Amino acid sequence: MSTLKYHFLKLNRLILFLALTATILTFIISFYSNYEVQKAQLISQRINVNQAYAHKLADTTEVFLKLSRQQLTYTASGLGTRMHDATFLTREANRLKYQTDSFNSVVISNATGLTQAASPETLGLVGKQLKSAGSREALKEKRDLISKPYISTLDNLLVFISTPIFSPDHDYLGFVGGTIYLKEKNILREILGEHFYHNGSYIYVVDNDKKILYHPKQERIGTIVENNTGLDEIIAKKEGGISLRNSKGIDMLAGYATIPSTGWTIVTQSPLKASLLPLTGIMEKVILKTLPMTLAVFAFVLLFARAFSRTL
């Protein structure tokens, strides 16, 4: 009788052990699967949000650049018969400069690159030959242009937007151009600078040469991005989302979009760690909801195992 009782206890413990092991493993696998699914969803959602935000900013910036060109084009259309009227040219340059914050400075040049008017007048450019990269390109191309970023003769990192001036007989008379200083206050910086800075998220803008044109840390504007694991793909694909490690070694979730008229890429990115913070709360809820069911299943298996072992 004692032998039978011993075998019963041994069999009972074995079945309980197997049941407990199966229940625990099932719980762990279920928990891990939930964790991976929730993590993937959070990453996907953050990338999609960043991509949508980058696309919105790219569209807004494109509209700003279009309106800026329209201002210059409208002004140029009225200069074809007034290029010798210095007072009128100065008034038009000042109007373009001070009517909005679109431009940090405005110049009106004749066909040889000699400055006819400039605003602000403190630049001291009137009567001087323009030699900057943007001015030379405008004189050469004789068409609407947005230059590549460059350092001006006054040591400003800028973009030059210009449109040609033609006489009523379609003779080329020069150009009117506006500069956007990338490190100074203007509408472009306001468009990009008042958004999306929380939990380590931020926006930056790069050109096709990986030069930073906008960054919340002003000292980085004009520098080249290095040691970024995703920037080559970002520049190549122009639009999308990606998980990357930035130049500071931080894992980021980025969305990006390209400004059509310039080819610049706006990147909106968030730290992976911050993006996954909600995961802790989600998994706590998963545990609270699945643990009672798991305990109930274990209790059922315990009773079933005891009954089964008794029968044997």
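Because the structure is predicted, anything quoted here is derived from the model rather than measured. Sequence order sets the numbering: in each chain, residues are counted from 1 along the sequence as written. Only residues with pLDDT of 70 or above have their local features reported here, since the model is predicted, and side-chain atom pairs are shown and tallied only from 80 upward, although totals for entire chains, interfaces and linings are computed over all residues. With hydrogens and water set aside, each side-chain value is computed from the structure's full complement of heavy atoms.

Side note on the overall build of the chain
Part 1 of the argument: Along its length, the chain carries 7 helices and 11 strands.
Part 2 of the argument: Per-residue accessibility, obtained with a 1.4 Å probe over protein chains only, is compared with the maximum for each type, and a residue is labelled buried under 20%, exposed over 50%, and partly exposed between these values. Burial analysis of the chain (312 residues in total) assigns 43% to the buried set.
Part 3 of the argument: Should any heavy atoms of two residues lie within 4.5 Å, those residues are counted as being in contact. Once local pairs closer than 6 in sequence are excluded, the contacts in the chain between residues at least 24 apart make up 53%.
Part 4 of the argument: With residues, only the protein chains shown are counted as cover, and all accessible areas are computed by Shrake-Rupley using a 1.4 Å probe. If you sum the accessible surface of the chain, you get close to 17200 Å²; carbon and sulfur atoms cover 59% of it. Labels follow the DSSP assignment, with helices taken as runs of H or I lasting at least four residues and strands as runs of E lasting at least two, numbered in each case from the N terminus.

Structural notes on the confidence of the model for the chain
Part 1 of the argument: Across the chain, each position has a pLDDT score giving the predictor's confidence in that residue, from 0 to 100. Mean pLDDT over the chain: 86, with 88% of residues reaching 70 or higher.
Part 2 of the argument: Confidence, read as mean pLDDT per element, is least for helix 7 (residues 278-311) in the chain (69) and greatest for strand 1 (residues 105-110) (96).

Some points on the nonpolar core
Part 1 of the argument: The set of buried Ala, Val, Leu, Ile, Met, Phe, Trp, Tyr and Cys residues whose side-chain atoms join them within 4.5 Å is what this entry labels a nonpolar core. Residues Leu-79, Ile-108, Val-176, Leu-192 and Ile-266 are the most contacted members of the largest nonpolar core, which totals 38 residues.
Part 2 of the argument: Elements supplying a minimum of two residues to this core: helix 1 (2-77), helix 2 (86-99), strand 1, strand 5 (157-166), strand 6 (172-181), helix 4 (187-193), strand 7 (202-206) and strand 8 (212-214).
Part 3 of the argument: Residues within four places of Val-176 in sequence aside, it is in contact with Leu-72, Ala-76, Leu-79, Leu-96, Val-106, Val-107, Ile-108, Ile-161, Ser-162, Thr-163 and Ile-165.

A few points about the pattern of salt bridges
Part 1 of the argument: Whenever a carboxyl oxygen of Asp or Glu lies within 4 Å of a side-chain nitrogen of Lys or Arg, that contact is scored as a salt bridge. Summed over the entire model, instances satisfying the criterion amount to 6 salt bridges.
Part 2 of the argument: A salt bridge links Glu-92 to Arg-95; the nearest nitrogen and oxygen atoms lie 3.0 Å apart. Here Glu-92 pairs with Arg-95, and both are found in helix 2, just 3 residues apart, close to one helical turn.
Part 3 of the argument: Among the residues examined, Glu-92 registers a relative accessible area of 12% and is labelled buried.
Part 4 of the argument: Among the salt bridges present, the one from Glu-233 reaches Lys-237, with a minimum N-O distance of 3.2 Å.

Considerations on the pairing of strand 9 (residues 240-245)
Part 1 of the argument: In strand 9, alternate side chains face the same way, and those of Gly-240, Ile-242 and Leu-244 are buried while those of Gly-241, Ser-243 and Arg-245 on the opposite face are not.
Part 2 of the argument: Adjacent in sequence and paired antiparallel, strand 9 and strand 10 (residues 251-258) are bridged by 5 residues, among which Gly-249 carries a positive phi angle near 80°. Here the rule is simple: two strands pair whenever DSSP picks up at least two bridges between them.

Quick notes on helix 3 (residues 133-141)
Every α-helical turn comprises 3.6 residues, leaving residues that sit three or four positions apart pointing alike.
Part 1 of the argument: Considered for burial, the residues of helix 3 that qualify are Gly-134, Ser-135, Ala-138 and Leu-139. Each buried residue of helix 3 lies within a common arc of 130° when the element is viewed along its axis, so the set occupies one face. Turned more than 90 degrees away from the buried face of helix 3, the exposed residues are Arg-136 and Lys-140.
Part 2 of the argument: Next to the buried residues of helix 3 lie strand 1, strand 3 (145-146), strand 4 (150-151), strand 5 and strand 6.
Part 3 of the argument: Looking one or two residues past helix 3, Lys-142 carries a phi angle of roughly 55°, positive in sign. The reported arc concerns the directions from the helix axis to the C-beta atoms and nothing else.

Some details on the side chain of Ser-102
Part 1 of the argument: Take Ser-102: it is sitting in the loop between helix 2 and strand 1.
Part 2 of the argument: On the accessibility criterion, Ser-102 (3% relative accessible area) is buried.
Part 3 of the argument: N or O atoms closer than or at 3.5 Å make up a polar contact, with two conditions inside protein: a donor-capable atom paired with an acceptor-capable one, and, for residues adjacent in sequence, both atoms drawn from side chains. Within the structure, the side chain of Ser-102 is placed 3.2 Å from the side chain of Gln-71, a separation counted as a polar contact.
Part 4 of the argument: Looking at Ser-102, its side chain comes within polar contact range of the side chain of Thr-100, at 2.8 Å.
Part 5 of the argument: Excluding its chain neighbours within four sequence positions, the residues that come into contact with Ser-102 are Phe-64, Ser-68, Gln-71, Ile-180, Asn-186 and Ile-187.

Some points on the packing of aromatic side chains
Centre-to-centre distance and the angle between the planes together describe a pair of aromatic rings.
Part 1 of the argument: Whether two aromatic rings pair depends on their centres lying within 6.5 Å, for rings of Phe, Tyr and Trp, where Trp uses its six-membered ring; planes under 30 degrees apart make the pair stacked, over 60 edge-to-face, and the rest tilted. The final tally for this structure, using the stated rule, is 3 aromatic pairs.
Part 2 of the argument: Here the aromatic rings of Tyr-202 and Tyr-204 are separated by 6.2 Å at their centres, their planes lie at 35°, and the arrangement is tilted.
Part 3 of the argument: Residue classification places Tyr-204 among the buried positions, given a relative accessible area of 4%.
Part 4 of the argument: Lying over the aromatic face of Phe-88, Arg-82 brings its terminal NZ or CZ to 4.0 Å of the ring centre.
Part 5 of the argument: Over a ring means this: the NZ of a Lys or the CZ of an Arg is within 6 Å of the ring centre and within 35 degrees of the ring normal. A cation over an aromatic ring shows up here: Lys-142 above the ring of Tyr-172, its NZ or CZ 5.0 Å from the ring centre.

Examining helix 2
Part 1 of the argument: The end-to-end C-alpha separation of helix 2 is 19 Å, in line with the 20 Å expected for 14 residues at 1.5 Å each.
Part 2 of the argument: Listed as buried for helix 2 are Phe-88, Leu-89, Glu-92, Ala-93, Leu-96 and Lys-97. Looking straight down helix 2, one finds that the buried residues subtend no more than 170° of arc, so they occupy a single side. Facing away from the buried side of helix 2 by over 90 degrees, the exposed positions are Thr-87, Tyr-98 and Gln-99. The span one expects for a helix is its residue count, reduced by one, times 1.5 Å.

Some thoughts on the sheet that holds strand 7
Part 1 of the argument: Taking strand neighbours across the sheet as the criterion, the 5 strands line up as 8-7-11-10-9 in an open arrangement whose pairing is antiparallel. The open sheet has two free edges, formed respectively by strand 8 and strand 9, since each of these has just one partner strand. Pairs of neighbouring strands in the sheet enclose a mean axial angle of 35°, with direction left out of account.
Part 2 of the argument: Pairing between strand 7 and strand 11 (residues 265-271): 5 bridges, direction antiparallel. Its bridge partner being in strand 11, Val-206 is matched across the sheet by Thr-265. In this analysis, axes come from line fits to C-alpha atoms, helices being fitted only over the stretch in contact, and the angle between any two N-to-C directions falls in the range 0 to 180 degrees.

Concerning unusual backbone geometry
Part 1 of the argument: Ser-119 connects to Pro-120 through a cis peptide bond whose omega is 0°.
Part 2 of the argument: Mapping Pro-120 onto the fold places it in the loop between strand 2 (115-119) and helix 3.
Part 3 of the argument: Residues other than glycine seldom take positive phi values, yet Asn-227 does so here, at roughly 60°.
Part 4 of the argument: Within the secondary structure, Asn-227 is located in the loop between strand 8 and helix 5 (231-237).
Part 5 of the argument: For Asn-227, a relative accessible area of 66% gives the class exposed.

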